[in-house]
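# Summary of the model geometry
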Amino acid sequence: MVDGREYDPKAIAGVAYGLDHPDEGTLKNTEFNGGVQLRSAYQPAGFDVVLRTTEGESVLQNLLESFMAEYGDAKLEKFGGSHPVVATLRSLEQHIAQSGPLSARPNVKVKYSAGQGNWAAAPWIALLDGRITSSTQSGVYPVLLFREDMSGIYVTVAQGTQELKKSGKDHMLKELAATATRVRALATNELTDRSFAFDDSIYLGEGTLARDYAASTIVHKFYERGSVPEDAEILRDLDAVLELSDSNIKDLRPPTVDPIDVSSLQDIFTAFRLAVDSSGLRVPTGHGDPVVALLAALVTKPFVILAGMSGSGKTQLALRLGEWFGSGPGGRRFLPVAVRPDWTGPEALFGYEDALRPPLDGRAAWFVPDTLRFLLGAAEDPDMPHLLLLDEMNLAHVERYFSDFLSGLESRDAILPNLTLGPDGEWRLRDLDDRLIALPRNVFVIGTVNVDETTYQFSPKVLDRATTFEIRTETEDLADDVVRPSAILPGEVPHLRGLVELVLDDTWQRHNKSGPPIATALRDLHGRLTDTDDEFGHRVFYESLRYAAALEQLGLNGRDRALDHIVLRKILPKIHGSRRRAEPVLKVLAAFAVAPDGSREFSSVDPATAALPLSAAKLRRMLRSAEINQFVSFTD
């Protein structure tokens, strides 16, 4: 605006560029982004940049008034995503998303909520700038908050409360107040000019969430029901709260969190090892300690396969870990499931819509197996670890019932039905728009494998995504005073939470001192395996470095000790087939196990003198099996 007249800021910027770069000339409006991004150039030069609106329009005004008029009666009816009042809220979302303030800000997405499973006491419409936060659970963002009694609506800049609430109500209120004070100091003149209040004195209602929302408020402006302004006024207010984000991106981002201290893994291991020992379970120590290897594998990636002959005790360690995880609001954090031979699809894990039960509000009832109930419970208790034990995993074709789970584990895409238990005792979708959620990353999966003529072979794609252990019973383990292991007490909360934090952090392995030499050795091994077309991919390389970092923190120091576990549990399990196919690659690996820096030619393998003794012992057995049976696999 100059002397009361409007000018196109993008056109002026295009001409200015031409003046500065006469060889290139004026920029066309299609050659650069404009809109809100130009404010940083115009305002320091003394120009006033305003949102162009059309006076007299009332689409948003009418939708807001309609929603507040209808919502009270809607709450007396059963909740449903297809209810007309939800359609009104969805229409509000769409019109706001297509409006001028949002069109000029492609980073900002609109999200609304009228509840999940039940009507929300205080519905909302949030404007989430992806440069600051993509979730309403944390961060600072503009949000329209409706009063519980629908007497009005606030246009606010507020904060997510769910993440802060995990540390207690007092901590949440303290952090909300500190952030509000910091952000109010950054407020633009436009917020003041448009009569926004700089405090948290809003009143949404007496509900817990309403009070939390009020405490999270940084700035606000109230529209009383029956007096909601026309669209031009609403859009200028939205533009004003969004400009606060535009001007202060760096200051509004959540504070940088210090990286997870992987040394806490040693404390977790010590506590769990003491618990295991107290149960009477005999576990070897030293380089082949399965407790060390199992915990390191689980924080590397929470999917482990335990293979061995029936009765070898492979399930006992998993049982102790499940007991150590304790119980939460939804019951035990441990679920043992016996895999059945008739599992032919993902329904065994994820359930299915049950057409024999009556639908409700357009939402079908679901058959929910124990596994799905357990996974949904883990999603409600995200800070604590949960263990799913799939016993005799290969009694059915693993790829048929487990492929969706593996895909979700790897991609972290939403694959889990987003269900809630209704007042009628039936499981139904929480939200017709958000039908799926991601697998909870606090879930650990251990599968046990028996090897006999009644079981199926694992495919390489399954083994590639797991850390595989072979559990063997040594002669010296058959002691006269052996007892049946007893249950153990739950672990301390800090140790259990620490385990989840390590799983959620994808970067802690970068500080591993032996990382570079291990990476060099793995690249050399990759080159050797290329000759037989048995090389590994990025996934195995990344997870091997992460596994090595965990092992180092648990006392298994040195390149060769880490390489021994990596070759044994990440490389060898995928080798199977006829002698003609498998023997060449087994000899390549045997030469590497004997001396990673030595000759590539195979002569013999002796675990007593090999640099990688655990791998060498397994390779010797596999080579013998190939020679005798003309076929070999890791689980033979």
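Here the structure is shown first, and the text comes after it.
Attention in this report is confined to the structure presented alongside it. In this text, all values refer to a predicted model and were calculated from it rather than measured experimentally. (Residues numbered from 1 in each chain as written. Predicted model: local features only at pLDDT ≥ 70, side-chain atom pairs only at ≥ 80, totals over all residues. Heavy atoms only, no water.)

### Points about the sheet that holds strand E5 (residues 219-224)
The sheet built from five strands is open, its strands ordered E1-E2-E3-E4-E5 with antiparallel pairing. Pairing within the sheet leaves two strands with one partner each, and these edge strands are strand E1 (108-113) and E5. Mean inter-strand twist for the sheet, computed between neighbouring axes without regard to direction, equals 15 degrees. (Pairing = 2+ DSSP bridges. Helix = DSSP H or I, 4+ residues; strand = E, 2+ residues; numbered from the N terminus. Axes fitted to C-alpha atoms, helices over the stretch in contact; angles between N-to-C directions.)

### Description of the sheet that holds strand E12 (residues 386-391)
Within the open sheet, the five strands sit side by side as E9-E12-E17-E6-E18. Their pairing is parallel. Each edge of the open sheet is held by one strand with a lone partner, namely strand E9 (334-338) and strand E18 (467-470). For this sheet the average axis-to-axis angle between neighbouring strands, irrespective of direction, equals 20 degrees. Both E12 and strand E17 (residues 443-449) contribute to a ladder of five bridges, which runs parallel. Residue pairing across strands places Leu390 opposite Gly447, the latter belonging to E17.

### Describing the side chain of Lys221
Here Lys221 is to be found in strand E5. A relative accessible area of 14% means that Lys221 is categorised as buried. Reaching out from Lys221, the side chain makes a polar contact with the side chain of Asp237 at a distance of 3.1 Å. With residues up to four places along the chain from it excluded, the contact list for Lys221 reads Ile153, Tyr154, Val155, Arg194, Ser195, Phe196, Glu233 and Asp237. (Buried < 20%, exposed > 50% of the residue type's maximum accessible area, 1.4 Å probe, protein only. Polar contact = N/O pair within 3.5 Å; in protein donor to acceptor, adjacent residues only side chain to side chain. Contact = heavy atoms within 4.5 Å.)

### Side note on the pattern of salt bridges
The tally for this structure, following the rule as stated, stands at 32 salt bridges. Measuring nitrogen to oxygen at the nearest pair gives 2.7 Å for the salt bridge that ties Arg194 to Glu233. A residue pair is termed long-range when its members are at least 10 positions apart, and Arg194 in the loop between helix H8 (189-193) and helix H9 (208-215) and Glu233 in helix H10 (residues 231-247) qualify at 39 residues. The class of Arg194 is buried, set by a relative accessible area of 15%. Overall, the relative accessible area of 29% leaves Glu233 in the partly exposed class. Across the pair Asp354 and Arg357 runs a salt bridge, and its minimum N-O distance is 3.2 Å. Residue class for Asp354 comes out buried when judged on its relative accessible area of 13%. (Salt bridge = Lys/Arg side-chain N within 4 Å of Asp/Glu carboxyl O.)

### A few points about the pairing of strand E6 (residues 303-307)
Side-chain direction in a regular strand flips from residue to residue, so the side chains alternate between the two faces of the sheet. Burial analysis of E6 places five of its five residues in the buried class, which makes it a mostly covered element. Every second residue of E6 is oriented toward a common face, with Phe303, Ile305 and Ala307 on one face and Val304 and Leu306 on the other, all of them buried. Relative to E17, E6 is paired through five bridges, and the arrangement is parallel. Within the sheet, the bridge partner assigned to Ile305 lies in E17 and is Gly447. As judged from the four bridges shared by E6 and E18, these two strands associate in the parallel manner.

### A short note on the pairing of E12
Taking burial as the measure, the six residues of E12 include five buried ones, the bulk of the element. Taken together, the five bridges between E9 and E12 define a ladder with parallel strand orientation. Note that in E12 the partner of Leu335 across the bridge is Leu388.

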